[in-house]
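# Close look at the chain arrangement
Here is how the chains run, residue by residue.
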Amino acid sequence: MMEYTLFGESHGPAVGVLLTNVPAGLPVDGPFIREQLLRRMARDGLTTARREADEVQLLSGVYQGKTTGDPLAAVIWNKDVRSADYEALAHTPRPSHGDYAAAVRAHGCNDPRGGGHTSGRLTAPLTAAGALALTCLAERGIAVRAEIVDEDGLRARAAEARREGDSVGGVIRCTVTGLPAGLGGPDWRDNVESEIARHVFAIPAVKAVGFGAGQDFAALRGSEANDPFTVSDGAVRTVTNRSGGVNAGITNGMDVVFDVTFRPTPSIAKPQQTVELTTMTPATITVAGRHDSCVALRAAPAVEAAAALALCRLLPDTAEDTLPALRQRLDELDAELTALFARRQALARRIGGVKREQGLPVCDPERERQVLASRGDLLPERRRQVERLFALLMELSREAQT
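Here goes a summary of the coordinates provided. Note that the structure is a prediction, hence the values are computed from the model and not measured. (Residues numbered from 1 in each chain as written. Predicted model: local features only at pLDDT ≥ 70, side-chain atom pairs only at ≥ 80, totals over all residues. Heavy atoms only, no water.)

Once that is clear, we can look at the pattern of salt bridges. Counted by the stated rule, this structure contains 17 salt bridges. The partner of Asp54 in a salt bridge is Arg40, with the nearest N and O atoms 3.3 Å apart. Here Arg40 lies in helix H1 (residues 30-40) and Asp54 lies in the loop between H1 and strand E3 (56-58), a separation of 14 residues in the sequence. As far as the burial class goes, Asp54 and Arg40 line up, both buried. We note a salt bridge from Arg398 to Glu368, for which the minimum N-O separation is 2.6 Å. Of this pair, Arg398 sits in helix H10 (residues 383-401) while Glu368 sits in helix H9 (residues 365-378), and the two are 30 residues apart along the sequence. Residue Arg398 is classed as partly exposed on the basis of its relative accessible area, which comes to 27%. Taking the relative accessible area as the measure of exposure, Glu368 reaches 18% and is therefore buried. When salt bridges that share partners are traced, they join Glu3, Glu195, Arg198 and Arg313 into one network. (Salt bridge = Lys/Arg side-chain N within 4 Å of Asp/Glu carboxyl O. Helix = DSSP H or I, 4+ residues; strand = E, 2+ residues; numbered from the N terminus. Buried < 20%, exposed > 50% of the residue type's maximum accessible area, 1.4 Å probe, protein only.)

This is the structure:
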């Protein structure tokens, strides 16, 4: 349920989100979406001086205040950009930022202004999408709430660092209430912890996620770490919740609790060592522009959004399994598969060009054997069917290469 894709760049025309598999009839709570975005917004001298209105424009998937079940597109226009701040950094990547890695990934074609697509600016559409997911969860009695750990202390550290041209990291604690026991599974496809972590790690600057006692488990004995079982109001519960509400990747009926650690903002005014990429020589930079002294101060709604979107994927679909509904879902999957097939064929044609340049044959039997084996490993319970599928795909790839 509810797959999402973020799009846009920090200094592009807009940022936005495309939501698919949205249940039809879900109320679109405009004031709540606005409230979540206001929580994320820069407010004081410890956060960026960039001031965006963050007004969400819904382009599709909503009619008369409710979702239609069709893809929902939402955009947030960028209106307060200062791209000139980044001209001096075009060939000198900021240490520990996404600049260098993104440039390598995009073969130098990335948008470097403000971090481009790797910017924390993308947490605005994430927050908007998450507000819709939170509404969906609330209808099932599930609540997600994140807050800064020791906010007063963190603000004091951030203020001191800002005076020195530096930055600090922080921790957000997220609590999910109302989840039933038995949700999820030990396999990576179903694991509650891995699904939440996968979504949360996509938030820029997140470097650690710990459930329950997290890294403190390393210093505990089993007798200290275990959560004794008890019965409360006729239900099995635990006396403590050091496991954070999850055992073996499955919810145990307690609150799911996890801490999210944010690194210090990489963009700082102190001199830092980097490399001038055009000459491949050492260089020193100080980063001008408008930056947060601590990104964690604005991150709570983004963590809630990521967690809510993850949980929507884990919850069973309550929609009636009528034939039209099932066929609609199949049609949507077929559309995604067709788009992926087109991308695969385009990549095959590029591979064919490289093979021609290097004088290599189109058919590589050893490579094809490796592909069949590895793809079968991805779904061992359907290995024969998977191998038949990829045998056909490789045949079509050979056609594209010739």
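Turning next to the layout of surface pockets. Its boundaries defined by the atoms lining it, the second largest pocket holds a volume of some 1,200 Å³. What lines the second largest pocket is a set of 33 residues, among which Arg344, Arg375, Leu378, Phe390 and Leu393 lie closest to the centre. Those elements giving two or more residues to the lining of the second largest pocket turn out to be helix H5 (192-200), helix H7 (300-314), helix H8 (323-358), H9 and H10. With 9 residues, the top contributor of residues to the lining of the second largest pocket is H8. A class-by-class count of the residues in the lining of the second largest pocket yields 17 nonpolar, 4 polar and 12 charged. (1 Å grid on protein atoms, 1.4 Å probe; cavity = no way out; pocket = protein on both sides within 12 Å on 5 of 7 lines; lining within 4 Å. Points joined across faces, edges and corners; volume = space filled by probe spheres on them. Nonpolar A, V, L, I, M, F, W, Y, C, P; charged D, E, K, R; others polar.)

Glancing now at the sheet that holds strand E6 (residues 72-77). One open sheet holds the 4 strands; their spatial order is E1-E2-E6-E3, and the pairing between them is antiparallel. For this open sheet the edge positions go to strand E1 (3-8) and E3, each flanked by a neighbour on one side alone. Between one strand and the next, the sheet's axes are offset by a mean angle of 20°, whatever the strand orientation. Pairing of strand E2 (residues 14-20) with E6 involves 6 bridges; the strand directions are antiparallel. Bridge assignment links Val15 to a residue of E6, and that residue is Ile76. (Pairing = 2+ DSSP bridges. Axes fitted to C-alpha atoms, helices over the stretch in contact; angles between N-to-C directions.)

It is worth spelling out the pairing of strand E14 (residues 256-262) at this point. Among the 7 residues that make up E14, 6 are buried, leaving the element largely enclosed by the rest of the structure. Alignment of strand E8 (residues 170-177) against E14, held across 7 bridges, turns out to be antiparallel. Residue Ile172 lies in a different strand from E14, and its bridge partner there is Val260. As paired elements, strand E9 (residues 206-211) and E14 share 5 bridges and run antiparallel to each other. Bridging from a neighbouring strand, Val206 pairs with Phe262 of E14.

For the rest of this paragraph, the subject is empty space enclosed by the protein. Taken as a whole and judged by the stated rule, the model has 1 cavity of 30 Å³ or more. Here the largest cavity is characterised by a volume of approximately 80 Å³. Lining the largest cavity, in full, are Val17, Leu19, Val28, Ile33, Val56, Leu58, Leu72, Ala74, Ala128, Ala129 and Leu132. Going through the elements one at a time, E2, E3, E6 and helix H3 (123-138) are the ones with two or more residues in the lining of the largest cavity. Per element, the largest residue contribution to the lining of the largest cavity is 3 residues, and it comes from H3. Its residues assigned to classes, the lining of the largest cavity comprises 11 nonpolar, no polar and no charged.

On to the state of the cysteines, then. One pass over the structure, following the stated rule, counts 0 disulfides. Residue Cys294 stays outside any disulfide, its sulfur separated by 17 Å from that of Cys174, the closest cysteine. On the accessibility criterion, Cys294 (0% relative accessible area) is buried. Counting only cysteine sulfurs, Cys136 is the nearest neighbor of Cys312, a cysteine outside any disulfide, at a range of 4.4 Å. (Disulfide = S-S within 2.5 Å.)

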